[in-house]
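# Secondary and tertiary structure notes
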Amino acid sequence: MELELREIIALSKDDKVFQNEKIKAFEVFLRSATPPNFGRMEYVKFLVSEQLHGRALRVLNALIDSGYGDFESYFYGGVCYKALGKEKNALGCWLKALEFEPENAVCLGNAGSVYLAAGRWLKAEEVLLKAHEIAPRFLPPIVGLVKVYSELKNFEQAIEYQMKLIRLKEEPGKFVGLTNLLIKNGEFEKARKILHTVQQSYPAEAVVANALGGIYYKFAQLDEALSWFRKATELAPGYAGAVANYLLCLNYMLLNPEEIMREHRRFGSALGSPDMQSASRFQTQKNNAVLGFVSPDFFQHPVGQLIEPVLHELNTGRFPVYLYYTASVKDDLTQRLQNSFGKRFIKCEGWSDELLQRRIAADGVNVLFDLSGHTSGHRLTLFAKRAAPVQVTYLGYPNTTGVQAMDYRLVDSYTDPEPEASVLCSERLVRLDPPFLNMTEPRVSVPVNTLPSLDQKGFVLGCFNNLAKITDLVLQTWGKILGSIDSSTLVLKAASLEDVEIRKFQIERMRRCGVPVERVVMHSRMGYSDHLKLYNQIDLCLDPFPYNGAATTNEALWMGVPVVVLEGRSHVSRVGLTFNRSLGLEQFIAKSPDEYIEICQHWFAHKAELNRIRLGMRDRIRASGAADAKRSAEKIEQAVLEMLAVSMK
């Protein structure tokens, strides 16, 4: 009997025996096996190796029901449930397996991974520390502990465990992981030096080139960042993260929009071609939509903040809605969405495209929204394979994706006017009534004050966008504004300004661009309430160009501070325009850098009028309907009907 079993196990595709034939051989053997369950675990292991997890579970459950449950049966049960996306069932199996072998480091590590996915950081720490103590050289628990301490913002501990990974085996990716932690800990310059050293040892490693691009991006050295991102795409053409960074970086550059479009098409098409059969899995009917939203930003992130109230309204609207959350960050916003959507809020961090695609199909989603574009954590490779019959990109990225299977892009007539905008994207444009995004009111209530300089000599300008948006041309323009307005000051706020080296670099850059640095005040991270209160010190906000602000502009306007914007040719440089035009604030829209300067000078000379606008801003926003989440949800629902109607033709 044992000899016969060994012969079946030895069968392989190299022997030209197909999967079905091996399954038949196993099943014939098991029907006559003595004792009855002899060989069943070998069969389970074969099914698992062939990715037949559902079938393996049926065998395992029968085995356990017949009283033969042991460590292996529960361990492999956890493996199968995890592969099927059923994390709670997997955890239950692994905890049961640990009753048989409480010192099994692999099983402890697996259980820790589930606690990690659930955001149970302290429980994950407990289990993973035990696994690491039992098997100090076993990598998964160490990797898990790095993540635990990173999520707990205990970066010193995270760095310590990352160094353990490096000491066990030096690899480029591990050094990149170390520098990512250093960046989170505010040690940008140290991270840059390490990466340059690593790059000299591994010049052909795309992951190192990409990380270097990220460091230069943080310093707002865009030419260098773009060069490293481009190098990473050349070293590894299929590297989706590097592609995303390269394309995102193009949006900051003063390039021809047609050239940027060509690059998006070139790299977007390289992410994959659609499976022409996949869309036929669903019966797509007009007026019978099931919506899905895929995003890594369902937390206190600009996209999460802007989309949250709209999602709540869509959840009570005419179509079923599913949220697919592809990251692990969990905060109050995440919890509110989970509470609202229940089982239709699917946490799928780390899921393969294939597994996520199967889940989307099982949920019956026929209109799938991408909320990321080419930004961190995107799942455009999923969309490139055609995960749903109708696919739409919206909100998270200010440009086309270039992905062949992305059908539509939601915009408005101000950001993307006809006819010129249509030739700048690979998707078909669907225009919502302006603005294309919902002007979400901040959840933290901070009152608007009177104009800070109303009865004073000076004038306070401000910009709270990330430093990469503040290009040399922007600084040169701002330098002229400060030079032309007596006693004026500029307040900058950006997270990366907490790093001493970045501050020094920015001061030198501003000085080089003609900005009187003695009149610049810089802030870094602060609590959200303090962040909003900082607007009470600002008379007038300055929008960067060509890459406009979005969430920052929304916040400024809610705090009563108008934003001077420069109208550009493409969506990325027309977001500020759609805010202002939708609110009837045309007097803050410039058509040239010189006019941008003149607008600032005008409002310095008309402070009383600027104060009236400031104090009436919230009433203006509410009266416009731009902050009506229900209206925004209805606009999206109407767009869905239009897209379905086109897809049925």
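The structure presented is a predicted model; accordingly, all values stated were derived computationally and were not measured.

Across the junction of Glu418 and Pro419, the peptide omega takes the value -5 degrees, indicating a cis bond. Mapping Pro419 onto the fold places it in the loop between β6 (408-412) and β7 (428-432). Cis geometry is found at the peptide bond from Pro434 to Pro435, where omega equals -5 degrees. Note on placement: Pro435 falls in the loop between β7 and β8 (459-463).

Let us now look at the pattern of salt bridges. Tallying each qualifying case throughout the model produces 30 salt bridges. Among the salt bridges present, the one from Lys385 reaches Asp353, with a minimum N-O distance of 3.0 Å. Pair noted here: Lys385 is in the loop between α20 (380-384) and β5 (390-393) and Asp353 is in helix α19 (residues 353-362), with a separation of 32 residues, a long-range link. Judged by relative accessible area, Lys385 falls into the partly exposed class, the value being 27%. One salt bridge in this structure joins Asp416 and Arg409, with 3.7 Å as the shortest N-O distance. Look at the salt bridges and you will find they share partners, linking Asp353, Glu354, Arg379 and Lys385 into a network.

Each pocket or cavity is described by its volume, and for the second largest pocket that value is around 780 Å³. The wall of the second largest pocket is formed by 28 residues, among which Gly85, Glu87, Lys88, Phe345 and Lys347 lie closest to the centre. Listed by contribution, the elements that provide at least two residues to the lining of the second largest pocket are α6 (87-100), α7 (105-117), α18 (332-341) and β3 (345-347). Its residues assigned to classes, the lining of the second largest pocket shows 12 nonpolar, seven polar and nine charged.

In this section: the pairing of β8. In terms of burial, β8 is a largely internal element, five of the five residues being buried. Side chains Phe459, Leu461 and Cys463 project from β8 onto one buried face, and the interleaved Val460 and Gly462 project onto a second face that is buried too. For β8 and strand β9 (residues 488-493), the ladder comprises five bridges, and the chain directions are parallel. Across the sheet, residue Val460 finds its bridge partner in β9, namely Thr489. For the handedness criterion, the β-α-β arrangement of β8, helix α21 (residues 472-484) and β9 is classed as right-handed. With two bridges joining them, β8 and strand β11 (residues 540-542) adopt parallel strand pairing. In the sheet register, Leu461 faces β11, and the bridge partner there is Leu540.

The rules behind each value
Residues numbered from 1 in each chain as written. Predicted model: local features only at pLDDT ≥ 70, side-chain atom pairs only at ≥ 80, totals over all residues. Heavy atoms only, no water. Helix = DSSP H or I, 4+ residues; strand = E, 2+ residues; numbered from the N terminus. Salt bridge = Lys/Arg side-chain N within 4 Å of Asp/Glu carboxyl O. Buried < 20%, exposed > 50% of the residue type's maximum accessible area, 1.4 Å probe, protein only. 1 Å grid on protein atoms, 1.4 Å probe; cavity = no way out; pocket = protein on both sides within 12 Å on 5 of 7 lines; lining within 4 Å. Points joined across faces, edges and corners; volume = space filled by probe spheres on them. Nonpolar A, V, L, I, M, F, W, Y, C, P; charged D, E, K, R; others polar. Pairing = 2+ DSSP bridges. Right-handed = clockwise from strand over helix to strand, strands pointing away.

Nothing here speaks to function; it is all geometry.
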